[in-house]
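# Examining the three-dimensional arrangement
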Amino acid sequence: MRGLYPSFTVQKEEIAGDRRADVMITASDGSRMAFEIQYSALTPAQWQERHDSYRSMGIVDVWLFGHHGAQLRGAQLRQVHARTVVGRAADRLASDNLVIINPTHTAVIDAGLPLLWFNPVTAQIGTAVEQVVLDERQFEIPATGTPGQFNVEDLSRLKLCLAGVTSDRLQLLEKNRAEMEAQRLELHAAQRLSQAEEEASRAAARRVMMAADAVIAADKQAAVDRVLSRRAAMDAQALLLEPAWFTSDLRARILDEFDGHWPGILDVVTTGEPGLPFPRQQWQATLFAQFIEGRPILSGLSSGECATHLAAQGLHESEIKAIIREWMDELVAKGYLLCVKVKKKRYSIGGGRVRYTTASKGTPKAQRASDAHSRAVRENAALAASVRSASGNLTESVRRSEHRSYVAPMPLLVDPIRPGVALCRDCARPLAAMFVARGYHLMCGPDRR
């Protein structure tokens, strides 16, 4: 060392403050460098305390850990055995020059100092390295984690520098680490740039989607406004017709048919847009009177016929038919119409079709007339059956009397108060029609005494 640096002063076991350096080198400018050769165990806290002490005095400390003592407790150089690296990569498992980097070594590395081992017998310096692959490029750098690959070089290659000691090998390792960090930063910057571009692309896509959504929302609102405008126009036209409708003969007749109460089936609220330009009760009563009331049962009718009859201007036929079908469905629910599905033709387009027909239910007034007619028919049928039965019994009595000996007919006994009512000659009570010819009840008569 003195031969390489003749102007430097080298002193063994020199005391500096509270520290005693194994070797102290003092440069011509007064700067000092302390060499600590550490064989025994040393905790990270103890090492940090000594390192901070040297730095507080402006002394650069260089640590050289011992080369032997693997069998001793606290040895600073320990090789990694195969059982220690079970499960690691095959190339590491096969290597026999792996060393353990203990926590104290890690503290040295974290402080920015080179991790070095010293063998005074062979005059060699050892260091631990690791192989790092970054973006398909391999870098050999000083090891930062355990285990590390152990490399040695001659002590003569070691040189002093402001930061302590270095060598061509150590400088190459530091250069590799600097290049690796630069490439890492470059990759990180590229990744951040890519992420920023992706985020910008997503933001642009979101803006496009928001603009499209705004256009769609505007179109929807415009459609709603058009519907509301048409609905308002239809309601206004219907409102103008209401006075004439309330005084119309059709409304008076419908009220008479339903006993003075306006029926719910002719006041159905429909949801079809945009509505019809007639009062709701008016168009429903008109269609009811034209196509349903008084027609034979199972008479067919269609929404197309009803739409043609209304002939509302400003509306498409399909819109009118849809509104009328809503009303007809309510009539089906109330029993005034029947609805039968019609089988669709092959290759037909559109939804399933239905056929509407009139049902048996009518207005209350018509129903009462029908019920009265039915009762009269039933009563007439019953009376005719009774007359036929009485005539049959009389004929039978006459037929039987032909086989008896002739007896002169006795005069018919008639009720003096009720002319035309025959009385029994025996008990003087009224006779049924079947016993008038006999003149007696079944249990009366001369032969019963």
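Residues numbered from 1 in each chain as written. Predicted model: local features only at pLDDT ≥ 70, side-chain atom pairs only at ≥ 80, totals over all residues. Heavy atoms only, no water.

The next point concerns the overall build of the protein chain. Counting secondary structure elements, the protein chain contains nine helices and 14 strands. Counting over 449 residues, the protein chain shows a buried share of 31%. Long-range pairs, those at least 24 residues apart, make up 52% of the contacts in the protein chain with a sequence separation of at least 6. A total of about 28,500 Å² of accessible surface is found on the protein chain, and carbon and sulfur atoms cover 56% of it. (Helix = DSSP H or I, 4+ residues; strand = E, 2+ residues; numbered from the N terminus. Buried < 20%, exposed > 50% of the residue type's maximum accessible area, 1.4 Å probe, protein only. Contact = heavy atoms within 4.5 Å. Areas by Shrake-Rupley, 256 points an atom, 1.4 Å probe, with all protein chains shown as cover.)

On inspection of all chains with the given rule, the structure shows 15 salt bridges. Salt-bridge contacts for aspartate 259 lead to arginine 368; the nearest nitrogen and oxygen are separated by 3.1 Å. Of this pair, aspartate 259 sits in the loop between helix H5 (249-257) and helix H6 (280-291) while arginine 368 sits in helix H9 (residues 364-401); the two residues are 109 residues apart in sequence, bridging distant segments of the chain. What makes aspartate 259 partly exposed here is its relative accessible area of 42%. What you see here is one network of salt bridges that share partners, running through Glu198, Glu199, Arg202 and Arg206. (Salt bridge = Lys/Arg side-chain N within 4 Å of Asp/Glu carboxyl O.)

Okay, the environment of aspartate 18 next. Checked against the element boundaries, aspartate 18 lands in the loop between strand E1 (9-16) and strand E2 (19-26). For the pair formed by aspartate 18 and arginine 50, sequence separation is 32 residues and the distance between their alpha carbons is 9.3 Å.

Here the protein chain shows a mean pLDDT of 83. Residues at 70 or above account for 86%. Throughout residues 347-352 the model reports pLDDT below 50, and contacts reaching past four residues in sequence, or to other chains, amount to three contacts. (pLDDT = per-residue confidence, 0-100.)

With that settled, the discussion passes to a nonpolar patch on the surface. Where nonpolar side chains cluster on the molecular surface, the patch consists of Ile297, Leu298 and Leu338 and spans about 290 Å² of accessible area. Take leucine 338: it is sitting in strand E13 (residues 337-342). (Patch = residues over 30% accessible without salt bridge, like charges linked within 9 Å, V, L, I, M, F, W, Y side chains within 5 Å.)

This brings us to the nonpolar core. Of all hydrophobic cores here, the largest spans 30 residues; its most connected members are Phe288, Ile324 and Trp327. Elements with a contribution of two residues or more to this core: helix H4 (168-246), H6, helix H7 (303-310) and helix H8 (317-334). Ranked by residue count, the leading element in this core is H8, at six residues. With residues near it in sequence (within four places) discarded, isoleucine 324 still touches Trp283, Leu287, Ser303, Cys306, Ala307 and Leu310. Among the nonpolar cores identified, the runner-up in size contains 17 residues, and Val60, Val129, Leu160 and Val165 belong to it. (Core = buried A, V, L, I, M, F, W, Y, C linked by side-chain atoms within 4.5 Å.)

Looking now at the pairing of strand E3 (residues 32-38). In terms of burial, E3 is largely enclosed, as five of its seven residues are buried. Looking at chain direction, E2 and E3 are connected through four bridges and run antiparallel. Pairing of threonine 26 across the sheet is with arginine 32, part of E3. Where E2 hands over to E3, the hairpin turn is made up of five residues, of which glycine 30 adopts a positive phi near 95 degrees. Bridging between E3 and strand E4 (residues 60-66) involves six bridges; their strand directions are parallel. If you follow isoleucine 37 over to E4, its bridge partner there is leucine 64. Once you follow E3 into helix H1 (residues 44-56) and on to E4, the crossover reads as right-handed. (Pairing = 2+ DSSP bridges. Right-handed = clockwise from strand over helix to strand, strands pointing away.)

Turning our attention to unusual backbone geometry. Here threonine 146 and proline 147 are connected by a cis peptide whose omega angle stands at -5 degrees. Structurally, proline 147 is set in the loop between strand E8 (137-142) and strand E9 (148-154). Of the consecutive residues glutamate 273 and proline 274, the connecting peptide bond is found in the cis state with omega at 0 degrees. Here the phi dihedral of alanine 123 falls at roughly 55 degrees; this positive angle occurs in a residue that is not glycine. Mapped onto the elements of the fold, alanine 123 is located in the loop between strand E6 (116-119) and strand E7 (124-134). The phi torsion at leucine 298 lies on the positive side, around 70 degrees, for a residue other than glycine. Locating leucine 298 in the fold gives a position in the loop between H6 and strand E12 (300-301). Relative accessible area serves as the criterion here: at 56%, leucine 298 is assigned to the exposed category.

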